[in-house]
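Read off the chains here:
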Amino acid sequence: MTGPREPTVVGVANFNAAEDAAALRAAMKGFGTDEQAIIDILTTRSNAQRQEISKAFTREYGRDLIEDLKSELGGHFEDVIVALMLPPEEYLCKELNKCMEGLGTDESVLIEILCTRTKKEIADIVQAYERLYDRPLAEHMCSETSGDFRRLLTLIVTGARDEEAGVDPARAAECAQQLYDAGEAKWGTDEEVFNKILAHESFAQLRLIFEEYKNIAGRTIEQAIKSEVDGELKDAYSAIVECVENAGAWFAARLRDAVLGVGTDDARLVRVLTSRAEIDLATIKREYERLYDKTLRSELEQGETSGDYKRALVALLGPA
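Quantities reported herein were computed from a predicted structural model and do not represent experimental measurements. (Residues numbered from 1 in each chain as written. Predicted model: local features only at pLDDT ≥ 70, side-chain atom pairs only at ≥ 80, totals over all residues. Heavy atoms only, no water.)

Trainee: Teacher, can you tell me more about unusual backbone geometry here?
Mentor: Leaving glycine aside, a negative phi is the common case for residues, and trans is the common case for peptide bonds. Unusually for a residue other than glycine, D134 sits at a positive phi of about 60 degrees. Following the sequence through the fold, D134 ends up in the loop between α8 (119-133) and α9 (137-144). With relative accessibility at 70%, the residue D134 sits in the exposed group. Despite not being glycine, D293 has its phi angle at roughly 60 degrees, a positive value. (Helix = DSSP H or I, 4+ residues; strand = E, 2+ residues; numbered from the N terminus. Buried < 20%, exposed > 50% of the residue type's maximum accessible area, 1.4 Å probe, protein only.)

If you want it as structure tokens, here you go:
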């Protein structure tokens with residue numbers, strides 16, 4: 001991933017899990033709920049701190065914090081708070097499971113989660129998935145996808161990607177040539193070569209490969225993908241390429257679609273803001289403004305979200 005990955009949520013110093021647990025209990029006890037207190041606490045603590053609060057809550061009150069929150073809150077506001085309370089990999093597993101269960105599969109969610117994560121993040125998700133659903137993620141995914149798209153995702157999920165170690169310029173030139181030969185230089189595209197390189201190489205190595213590609217082909221790998229490939233495979237390749245080059249910009253575009261599309265895509269809004277807050281949401285905010293000449297905060301404030309739900313989302317963006 002290029003550039004520093006800047007979060008908006010880093011947790012608080014002088015953290016006291018028991019105090020936070022008591023404040024949350026007070027916010028939910030008795031008549032009415034103090035939603036603002038819940039927002040103030042949970043959008044500023046790190047996920048590790050929230051897990052501590054959860055333990056303290058059970059220890060002090062013999063109750064399950066997530067269950068209590070669910071019974072007090074509702075709608076998309078509840079979605080945000082529950083997303084924040086789950087360990088990140090468990091939350092993403094829930095989203096993956098939801099997009100594959102039932103009729104049809106939402107490929108865009110598979111792409112958004114699996115094509116943009118590092119090797120370590122994928123490994124955590126894979127482990128958690130089997131623990132939560134008692135079946136391997138790869139197996140569930142294979143039953144819901146097909147063709148080269150399935151093969152690409154399977155390579156990613158089975159941990160084919162190299163660790164982020166050093167880069168090898170000579171090999172980068174070789175891979176770039178292979179991509180060129182498999183795509184633009186021939187009639188039709190050899191997806192197997194694309195799959196292998198895009199799913200195996202580390203993000204740092206891919207960045208070098210894409211630079212070499214431009215030297216060989218005289219145009220970017222994105223341009224090649226858009227003209228050579230279509231459907232969800234194109235979207236998956238593009239997600240990998242764009243996240244290697246500028247993950248902040250890729251997620252900014254997803255958020256823009258979610259806020260300004262026909263009706264708000266709340267599921268995506270909640271997922272991106274909660275799952276990137278501790279990774280690179282500050283970077284995404286900056287890219288959003290650069291690309292669209294509007295701040296993400298103002299788009300959210302003027303968008304169709306409202307009430308506590310809107311306040312929680314805006315709070316995740318950090319100070320104005």
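Trainee: Could you clarify how one ought to interpret the packing of helix α1 (residues 17-28) against helix α4 (residues 65-72) in this entry?
Mentor: Look at α1 against α4: their axes get within 11 Å of each other, and the N-to-C directions meet at 30 degrees. If you check the angle between α1 and α4, you find them roughly parallel. Here α1 runs over α4; the crossing is left-handed. Contacts between α1 and α4 involve L24, R25 and M28 on the former and, on the latter, L65, D68, L69 and E72. Split into classes, the residues belonging to the contact of α1 with α4 amount to four nonpolar, no polar and three charged. (Axes fitted to C-alpha atoms, helices over the stretch in contact; angles between N-to-C directions. Parallel < 35°, antiparallel > 145°, perpendicular 65-115°, else oblique. Left-handed = near helix turned anticlockwise from the far one by under 90°. Contact = heavy atoms within 4.5 Å. Nonpolar A, V, L, I, M, F, W, Y, C, P; charged D, E, K, R; others polar.)

Trainee: Got a minute to help me understand the layout of surface pockets in this structure?
Mentor: Empty space among the atoms becomes apparent when a probe as large as a water molecule is rolled across them. If you add up the space inside the largest pocket, you get close to 330 Å³. The wall of the largest pocket is formed by 19 residues, among which P88, E89, L92, S275 and I279 lie closest to the centre. Elements represented by at least two residues in the lining of the largest pocket include exactly α3 (47-61), α5 (75-85), α6 (88-100), α8 and α16 (266-276). Class assignment of the residues belonging to the lining of the largest pocket gives a composition of nine nonpolar, three polar and seven charged. (1 Å grid on protein atoms, 1.4 Å probe; cavity = no way out; pocket = protein on both sides within 12 Å on 5 of 7 lines; lining within 4 Å. Points joined across faces, edges and corners; volume = space filled by probe spheres on them.)

Trainee: Looking at this model, I keep getting lost on the packing of α6 against α16. Mind explaining?
Mentor: Angle between the axes and distance between the axes are the two parameters that describe a pair of packed helices. α16 packs onto α6 with a crossing angle of 160 degrees between their chain directions and a minimal axis gap of 11 Å. The angle between α6 and α16 falls in the class roughly antiparallel. As α6 runs across α16, the sense of the crossing is left-handed. Judged by residue contacts, Y91, L92 and E95 of α6 engage V270, R271, T274 and S275 from α16. Partitioning the contact of α6 with α16 into residue classes produces three nonpolar, two polar and two charged.

Trainee: What exactly am I supposed to notice about the state of the cysteines here?
Mentor: Linking two cysteines covalently through their sulfur atoms gives a disulfide. As enumerated under the stated definition, the model contains zero disulfides in all. This cysteine, C99, is not joined by any disulfide, and C93 carries the nearest cysteine sulfur, 11 Å off. Looking at the unpaired C115, the closest cysteine sulfur is the one in C243, lying at 8.5 Å. Judged by relative accessible area, C115 falls into the buried class, the value being 1%. (Disulfide = S-S within 2.5 Å.)

Trainee: Would you take a moment to explain α9 for this structure?
Mentor: Working note: α-helix, 3.6 residues per turn, so residues spaced by three or four point in the same direction. Here α9 has its buried residues at L137, A138, H140 and M141. Considered in projection along α9, the buried side chains sweep an arc of 165 degrees and stay on one side of the axis. In the core, the buried residues of α9 are packed alongside α6, α7 (107-114), α8 and α10 (147-157). (Arc of directions from axis to C-beta.)

Any link to function would need more than the numbers given here.
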